[in-house]
Amino acid sequence: MLKSREDLDNIRSVYAKTLESQKAKILVCAGTGCVAGGSLVIYDRLKELMEQRNIPCSVELEKEVHHPTVGIKKSGCHGFCEIGPLIRIEPQGWLYVKVQEEDCEEIIDQTVLNGVHIERLAYQNDGEICKKQDDIPFYKRQTRHVLQHCGQIDATSINEYLAIGGYSAFEKALFEMTGDEIIHEITDSGLRGRGGGGFPVGRKWEQVRRQKEPQKYVVCNGDEGDPGAFMDRSIMEGDPHNVLEGMMIAGLCCGANQGYLYVRAEYPLAVSRLKAAIEQATEIGLLGDRILGTDFSFHLRINQGAGAFVCGEGSALTASIEGKRGMPRVKPPRTVEHGLFDKPTVLNNVETFANVSLIINNGIEWFQSIGPEKSPGTKAFALTGNIVNTGLIEVPMGTTLGEVIFDVGGGMRDGGKFKGVQIGGPSGGCLTEKDLDLPLDFDSLKKAGAMIGSGGLVVMDDKNCMVEVARFFMNFTQNESCGKCVPCREGTKRMLAILERIVSGQGVEGDIELLLELADTVSATSLCGLGKTAALPIVSTIKNFRSEYEAHIREKRCPAGACSKLKKIEIDAALCKGCTKCTKSCPVNAISGKVKDPFVIDQAKCIKCGACIPTCPFHAIREV
Amino acid sequence: MENTFDYETIDEIIEEFGPKASSVIAILQGVQEKYRYLPQEIFPYLVKRLGVSEASIYSVATFYENFSLEPKGKYVIKVCDGTACHVRRSIPILERLRSELKLSEDIKTTEDLNFTLETVSCLGACGLAPVLTVNDKVYPAMTPDKASQLLQQIKEELLNA
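Rules behind the numbers
Each chain carries its own residue numbering, running from 1 in the written order of its sequence. As they are written, the chains are lettered A onward and the ligands numbered 1 onward, keeping that order. Reporting in this predicted model follows two pLDDT cut-offs: at least 70 for local features of residues, and 80 or more for side-chain atom pairs to be given and counted; totals over whole chains, interfaces and linings ignore these cut-offs and use all residues. Residue pairs are scored as contacts if the distance between their C-beta atoms, which are placed from the backbone, is within 7 Å. Secondary structure elements follow DSSP: runs of H or I of four or more residues count as helices, runs of E of two or more count as strands, with numbering from the N terminus. Nonpolar residues are Ala, Val, Leu, Ile, Met, Phe, Trp, Tyr, Cys and Pro. Charged residues are Asp, Glu, Lys and Arg, and all others, Gly as well, are polar. Between any two strands, at least two bridges found by DSSP are needed for them to pair. Interaxial angle, 0 to 180 degrees, is taken between N-to-C directions of lines fitted to C-alpha atoms, where a helix line uses only the stretch in contact. Domain start and end points were adopted from an automatic or database domain assignment. Each residue carries a pLDDT score, the predictor's own confidence in it, on a scale running from 0 to 100.

Draft legend 1. View of the interface of chain A and chain B. In this complex, chain A contributes 39 residues to the contact, which on the side of chain B involves 32 residues. Elements represented by at least two residues in the side of chain A that touches chain B include exactly α2 (32-36), β12 (378-385), β16 (456-461) and α18 (466-480) of chain A. Of the residues in the side of chain A that touches chain B, the class split is 15 nonpolar, 18 polar and six charged.

Draft legend 2. Fine view of the sheet that holds strand β3 (residues 132-134) of chain B. Residues and elements named next belong to chain B. Strand order in the open sheet formed by four strands is β2-β1-β3-β4, with mixed pairing between adjacent strands. A single partner strand is all that each edge strand has here, and the edge strands are β2 (115-120) and β4 (137-139). Going from strand to strand, the sheet's axes swing by 25 degrees on average, the running direction of each strand aside. Taken together, the three bridges between strand β1 (residues 75-80) and β3 define a ladder with antiparallel strand orientation. If you follow Ile77 over to β3, its bridge partner there is Val134. Helix α6 (residues 91-101) rests against β1, β2 and β3 of the sheet, and its axis sits at about 160 degrees to β2.

Draft legend 3. Up close: the domain arrangement of chain A. Residue and element names in this part refer to chain A. For chain A, the assigned domains read domain 1 (16-146), domain 2 (166-367), domain 3 (378-461), domain 4 (466-554) and domain 5 (568-623). One C-alpha centre belongs to domain 1, the other to domain 3, and the line joining them spans 30 Å. Taken together, the contacts link 13 residues of domain 1 with 14 residues of domain 3. For the side of domain 1 that touches domain 3, the per-class residue count stands at six nonpolar, four polar and three charged.

Draft legend 4. Spotlight on the confidence of the model for chain B. Residues and elements named next belong to chain B. Residues at a pLDDT of 70 or more form 98% of chain B, whose mean pLDDT is 92. Per-element confidence in chain B is highest for helix α4 (residues 54-63), whose mean pLDDT is 96, and lowest for helix α5 (residues 83-87), whose mean pLDDT is 84. Here the predicted complex scores 0.92 on pTM and 0.90 on ipTM.

Right, dumping it as C-alpha cells:
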C-alpha cells in the first residue's frame, strides 16, 4: 500500500527498471476485434511455446529483476481491427498482422530467438512491406496522443502503466497544484468535451467546484451508443488507467470523493478491464481513503447500462445510475448543480477524461499547438463503412474530411465512388463531396449543419441509398425514443412512417415538405438532445440528395439500386432459352414457363432476393 | 410456485450489490445473467427486500432493452445492425437466420427454447462488420452462408450434448 509520494515514485522506478530489463516484448492485441479473431488463443500458444523452449518470460512486471526476460502482454486495441489479430514485437517495433495460431512457432523461433523479421506476416501496401506500425499509411497520417498507449502497453497491468509514467499527472495535481490551478490549466488549454456538445471542460469543472454542497460526484459517460462509433470502447479497453486518472484529477479539483463509470453492457471487455483497473488502483492505494497520505479520498464504481441509447444523455444517465428508468428531465437545473442523486456532478465522456492527464503532464502550450485555436487537441474517430481502411483513428482537430477519408482511410472500397459520410451517428448529419475540404472541428461542422457527435464516421458509396440511410437512422432513433415527451415519441414515429412509405414506393407528392415541417417541429419542441437532433439525418439528406427522394416518390425508382421494394427482376425473353435452371433457385416459386420457351417472373410473388440471377447461363435475368 | 423458486440465489445477487433502490438495475442484470430472463417471482420478492414499489421495478425492467420477461433460448444470437454493419449488408444475414430458425420480428425465440434471435444496435466491432454474437462471443465478417454454417454447427453441438 502506497502511503506517500515517495512510495509512489519508488514503485514507479522499480517497475520502470523491470520494464527496461525485458529484452523483448510481445504484445498481443486483446481488443474486442482481435479477440474475435482468436488473439487470446495466440497469446496462450505463444506462452506455452516459450515455456516449452525454456525462454524466460514474464506475464506481469515483477518487483525484482533476476535476469532479462521476454515480456508477453495483452495490449489494447490498435484500431486497425480489420487486419487483426495483431501482434507487436518490441524493441524492433514490428507489427505482424492477421496472425494465426500456426504462425506462433515461427514467431518464437525466428523473431523472438533470432531477431529475424517474418515478411509474410507484415502489412503489405501495394507490394511494399511495412515492417513497423508507422510505416503503414493508415497510421502514418495520424497523431496519436489519447490513443498513444492503445496497443503499445499491457492494458491489464497497473505496474506497466506506472512504469511508463502513469499517474504522474495525478501525482502532480495532488501535490503541486491547488484546485484553482488545475481548473485554470484545463480552462486555458481550451479542452472541449469530446462527447458531442463540445462544452468547455474547464468551465464545467469550475461550476461544480463553486457549489457549496459537501457531497459531489464525478461521472464518466462510457455509454457510447452511437452505432458505428467505438472510440471510447478502445480507450477503456486499451488504456483504462488513463481514464481513471482523469476522473481522479476531476474529483480532486471539484471536491468530489466518489466517481461512477457508466459503461454500456454491449462492451463486456471494457467493463472487465475497468473493473480490474479499479481493483489494482485500490489495492496499491491510489484509490480509497486518504490517498498517498493526503486528505483526498476517492472511490470508483462501475455501472453497466442495460441497452438504452438515451442513457447517453446526461440526466438520463444519472437517473439510470440511481436505478431508475433512464429518461431525461427538463433542464435547468443543470447537472453541475443538481446531477447524480441531486448533487453537483461533473459529467464527461471517456475521451475527455483521457485528455486530462496529457494536459497536466505536457502543459497548455503543448495542447494548444495541436489543432485550431477554438478546438485544440486531437479527436478520435471511428472510420467505418465502405472504405478501404476501417478502424479507429486519431487526428488533430481541424484535419479535413478529405484527408481522413482518402489519406488515412485509403479511399473507397471495391472501386466504389464516394457519395457521402454520416458523421456523429443518428443525431449527426451527412457530408458530401463538396465538404471534402471541410475541417473536422466543433465549429466548422456545426456551420455545415452536422456535428462531431462522439466521432463516428460512416462512409457511404454510390450503392448506398440516402433515403434508406435516413430511414435506418430514424428507425434507430424511434426505437430509442424514451417516450417521455410527445414531439419525439410521436414525431419520430410519423417521420419514420413517411420514410418507410417512400422507400417502398408508396411516397406521395408533398412528403418531402411534410418531413421538413415535422423535422422543424420535433427539433424545436423535444425535451432532450435525442429528439432535438433526431431529424438531422433527414434534413441533411434532403438538403444534399433531394433528387434521390424525388426519384423514389415520382418515378418509384431507387437511383442507388438499394431499395429492394423498388427493384424489379426480369427475364429478357430474347436471351432466355427456357432451360429451367432459374426455377430451381427461386425460394418462392415465382418463375414459371414452358421448357425451351422464355420464362417469366411473377412480380407479385417475387421477393427480389436475386438468387436466380447468377444461375442463368445466358445472363438473361437482371435487375431493372 | 413460490415454494419451488430458489430465493437464495436472488439473495446472493442482492447482497453483491446492496439491498437499496439504486441497485435495482444491477440486481436485475444479475438475475438475468443467471436465468437468461427475469422470472416473475422475483418482483414481489424484490419489493420486500429493496423497499421499492413493484410498479417501479417493473417500469425499470420494461424500459431497458436488455431485460426480458420471457425466457430466452439457450443460444442467444445477436445480429449487429449498427450503421457500419448495416451498410455492409447485415440485414440479409438476419433474414437468413430468421428463415432457418422460423422466427420473425415478433417471434424471437424458438419453441424448443434453443435459440433466441435479436438485433443489437452496435457492438463496437465495426472494423469487422458485419458481425454477430452467439452468447456474447463475437463472430466477425459474416455472410448469410457463414451464418447458416454457424447455425448448423450449433445445432450439431446441441444434438451431441
